[in-house]
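# Understanding the architecture of this molecule
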Protein chains: 2
Amino acid sequence: MIKIGIYGYGNLGRGVENAVTQCPDMELVGVFTRRDPKTVQAKAPVYRAEDALSMQDKIDVMILCGGSATDLPEQTPALAAHFNVVDSFDTHAKIPVHFENVDKAAGESGHVGIISVGWDPGLFSLNRLYAGAVLPDGTDYTFWGKGVSQGHSDAIRRIDGVLDARQYTVPVEAALKAVRSGKSPELSTREKHTRECFVVAKEGADLARIEKEIVEMPNYFADYDTTVHFISAEELAANHSGLPHGGVVIRTGTAGDGTKHTVEYSLRLESNPAFTSSVLCAYARAAYRMQQEGTTGCKTVFDVPPAYLSPMDGAALRKQLL
Amino acid sequence: MIKIGIYGYGNLGRGVENAVTQCPDMELVGVFTRRDPKTVQAKAPVYRAEDALSMQDKIDVMILCGGSATDLPEQTPALAAHFNVVDSFDTHAKIPVHFENVDKAAGESGHVGIISVGWDPGLFSLNRLYAGAVLPDGTDYTFWGKGVSQGHSDAIRRIDGVLDARQYTVPVEAALKAVRSGKSPELSTREKHTRECFVVAKEGADLARIEKEIVEMPNYFADYDTTVHFISAEELAANHSGLPHGGVVIRTGTAGDGTKHTVEYSLRLESNPAFTSSVLCAYARAAYRMQQEGTTGCKTVFDVPPAYLSPMDGAALRKQLL
């Protein structure tokens, strides 16, 4: 059994806790939190985050479930000095620095750290790589949604007069259709996705002002066609409490003889954190196996042989899935 | 530059010849054929198949382009004793034996042999593995087509009174829809695919008898709803001369918290051999790199770290595709 620790116990940590129960070769040893362990209910013993280091010999892989903004840049290298680690770091511009930090710590301690695991970065990245390798002359497209963007929902919640909000990123059907046709269109940000917002406002708040602040918000909304719906707290709870997501990666390209080809990968996820957690568990298996075979340092999904993700052995994989 | 040899010069061999021109890090050194080299026109020098062994120091990877029925079971192990090799062996039931034979030869000679490369087996297999690893509790579906099955076309051509034929495998839309809905339907062979045949008959042939022989042919057609169209040789040449193919791999499953998820991978290929050839070239790159790093023996797509398929280095992959 691969002994798993969960470091950070929010949506993602609870997802990993559930995902481990679906892995016949894994066992959850402990949950580590910055809160008072007495206040946290989990399916395994709960420990203080700072007690993790004393459990080095009891945990094969620590799955880091903190946020990319401030938690993971510190936690992943710090824990890679003592454990095999897997994280879902997704601040794209900072991946090179994060990779270097984790590589140094894991290399020195003789562990494996797999970073930026999930679906994007993660499975979508893999599909960009595979499709690009087999269709060198082509164009990549990634569409996200329909799904909830937590960053955009949070941005709306920070507006004065807003009590709660949920933002959906929605791919534009016409853009998808143009891409699938193989025409390799050049698409602007606005042409690829729209943004749909469900907002609960304070009683008496100036709705026109809130709507204007949303649709004109730089980086988040200004470059998109954005729709704002004001709804009640009850309606938000009833119809928008989930965290669905998904998207599509498409590559269209031309082979050496001029023939056209389309490779498409899509995900439809009822729960973004639940699915991301499942991916983290599969890569925790890989991290453990790679270290057992003598590999050390930082890896990404690009470096992991697919077979390491499955509980099946090579002969069974070849017989049943090849 | 990775120096490539092509062994066998039919549809697939010509596809590889074209695909190599799209790989900036590859160079085609020679084409090996069982025909008289003087009768073969290619974009590289043409040699007799039996002269391959004298060119061991000039070729980094030999891409085997023979058939799975009789060529590859002999050729791949024989050549793996002298070269890194890649093949597209697709006789599913015989993969375990083929793997053992190639593993022994490549292991003893210190080479890498990657077998069963293409899209199914190949990219479809990879997607079954990835989706199964991240959704352990789920159901796999593979649909093929719409596309030309050369085996089924050949089977029709062997019927008395048939001059030529082209058979399309067509996925049943209702079945695809039921699968995508997440209902995990149990589908019979007949419910998943139909078969559509375009047949050129000899003048005066008994068309009713030919049609009956097709639709009742065991293994090939009897388990399917099959449609037969008799057309002229001119119409076959005009509308059915290509070898398009493709298909869809879908896994629907439930995460540990009960949420539902769908992973779907699809290919739409204007030319089956051209696309398969492109996949073979990407895995030739991987075979070369793996052997350079000291790996030996037989591998499949499951064993190859994705990064080895791309001409980009790790830092560029992380920056541009992760």
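Preceding block: the structure.
Structural notes, computed from the coordinates. (Residues numbered from 1 in each chain as written. Chains lettered and ligands numbered in written order. Predicted model: local features only at pLDDT ≥ 70, side-chain atom pairs only at ≥ 80, totals over all residues. Heavy atoms only, no water.)

Glancing now at the overall build of chain A. Counting its regular elements, chain A contains 11 helices and 14 strands. Compactness check: chain A gives a C-alpha radius of gyration of 22 Å against a globular reference of 20 Å for 322 residues, within 12% of the reference. Residue burial in chain A is summarised as follows: out of 322 residues, 57% are buried. Per element, the accessible surface of chain A, about 13200 Å² overall, is 48% carbon and sulfur. If you average the places of the 32 positive and of the 40 negative side-chain charges in chain A, the two averages end up 3 Å apart. (Helix = DSSP H or I, 4+ residues; strand = E, 2+ residues; numbered from the N terminus. Rg over C-alpha atoms; globule rule 2.2 N^0.38 Å. Buried < 20%, exposed > 50% of the residue type's maximum accessible area, 1.4 Å probe, protein only. Areas by Shrake-Rupley, 256 points an atom, 1.4 Å probe, with all protein chains shown as cover. Lys, Arg positive; Asp, Glu negative; His and termini not counted. Charge placed at Lys NZ, Arg CZ, Asp CG, Glu CD.)

Once that is clear, we can look at the sheet that holds strand E2 (residues 26–33) of chain B. Residue and element names in this part refer to chain B. Taken together, the 7 strands give an open sheet; going across it, the order is E3-E2-E1-E4-E5-E6-E14, and neighbouring strands pair in parallel fashion. Bordering the open sheet on either side are strand E3 (46–48) and strand E14 (297–299), each of which pairs with just one other strand. Put simply, the sheet's adjacent strands are angled 25° from each other on average, direction ignored. Alignment of E2 against E3, held across 3 bridges, turns out to be parallel. (Pairing = 2+ DSSP bridges. Axes fitted to C-alpha atoms, helices over the stretch in contact; angles between N-to-C directions.)

The next subject is the pattern of salt bridges. All names here are of chain A. Counted under the stated rule, the structure contains 28 salt bridges over all chains. Among the salt bridges present, the one from arginine 285 reaches aspartate 25, with a minimum N-O distance of 2.7 Å. Taken together, the positions of arginine 285 in helix H10 (residues 272–292) and aspartate 25 in the loop between helix H1 (11–20) and strand E2 (26–33) put the pair 260 residues apart, joining distant regions of the chain. A relative accessible area of 1% places arginine 285 in the buried class. By relative accessible area, aspartate 25 is classed as buried at 18%. With a shortest N-O distance of 3.1 Å, glutamate 213 and arginine 209 are connected by a salt bridge. With a gap of 4 residues between them, glutamate 213 and arginine 209 both fall in helix H8 (residues 207–215), about one helical turn apart. Residue classification places glutamate 213 among the partly exposed residues on the basis of a relative accessible area of 36%. What emerges from the salt-bridge pattern is a single network uniting Asp154, Arg157 and Asp164. (Salt bridge = Lys/Arg side-chain N within 4 Å of Asp/Glu carboxyl O.)

Note on the copies: chain B fits chain A at an RMSD of 0.0 Å, the axial shift is 0.0 Å, and the rotation between them is 180°. Those values place the two copies in the arrangement expected of a two-fold rotation axis. Most of the interface of chain B is mirrored in chain A: 100% of its interface residues are interface residues there too. (Least-squares fit on C-alpha atoms with pLDDT ≥ 70 in both. Contact = heavy atoms within 4.5 Å.)

The next thing to look at is helix H5 (residues 150–157) of chain B. Residues and elements named next belong to chain B. Within the sequence span of H5, burial applies to His152, Ser153, Ala155 and Ile156. Down the axis of H5, the buried set is contained in an arc of 160°. They therefore lie on one face. Where H5 is buried, its residues contact strand E8 (147–148), strand E9 (162–171), strand E10 (193–201) and helix H8 (207–215). (Arc of directions from axis to C-beta.)

Attention now moves to the interface of chain B and chain A. Tallying the contact residues gives 60 residues for chain B and 60 residues for chain A. Both faces considered, chain B and chain A share a buried interface measuring about 5600 Å² in area, 64% of it formed by carbon and sulfur atoms. With a shortest N-O distance of 3.8 Å, Arg268(A) and Glu264(B) are connected by a salt bridge. The interface formed by chain B and chain A contains 19 residue pairs in polar contact (both at pLDDT 80 or more). Residue assignment for the side of chain B that touches chain A shows that the elements contributing at least two residues are helix H3 (95–109), helix H4 (123–134), strand E13 (260–269), helix H10 (272–292) and helix H11 (314–320) of chain B. Across the side of chain B that touches chain A, the residue classes break down as 31 nonpolar, 16 polar and 13 charged. One ladder, built from 9 bridges, connects strand E13 (residues 260–269) of chain A with E13(B); its direction is antiparallel. Across the sheet, the residue bridging to Tyr265(A) is Tyr265(B), located in E13(B). (Buried area = accessible area lost by both parts, 1.4 Å probe. Polar contact = N/O pair within 3.5 Å; in protein donor to acceptor, adjacent residues only side chain to side chain. Nonpolar A, V, L, I, M, F, W, Y, C, P; charged D, E, K, R; others polar.)

Before going further, it helps to spend a moment on the environment of Ile210(A). Residue and element names in this part refer to chain A. In this structure, isoleucine 210 sits in helix H8. Isoleucine 210 sits in the buried class, given a relative accessible area of 0%. Sequence-wise, isoleucine 210 and lysine 146 are 64 residues apart; in three dimensions their C-alpha atoms are separated by 23 Å. Apart from residues no more than four positions distant in its own chain, isoleucine 210 is found in contact with Ile159, Asp160, Gly161, Val162, Ala201, Ala205 and Phe230.

A separate point is the sheet that holds strand E7 (residues 138–144) of chain A. Strand order in the open sheet made by the 6 strands is E7(A)-E12(A)-E13(A)-E13(B)-E12(B)-E7(B), with antiparallel pairing throughout. A single partner strand is all that each edge strand has here, and the edge strands are E7 of chain A together with strand E7 (138–144) of chain B. Each strand axis lies, on average, 5° off the axis of its neighbour in the sheet, ignoring direction. Across the sheet, helix H4 (residues 123–134) of chain A lies against E7, strand E12 (245–254) and E13 of chain A together with E13 of chain B, angled at about 5° from E12(A), the strand it touches most. Packed on one face of the sheet, H10(A) meets E12 and E13 of chain A together with E13 of chain B and runs near 70° to E13(B).

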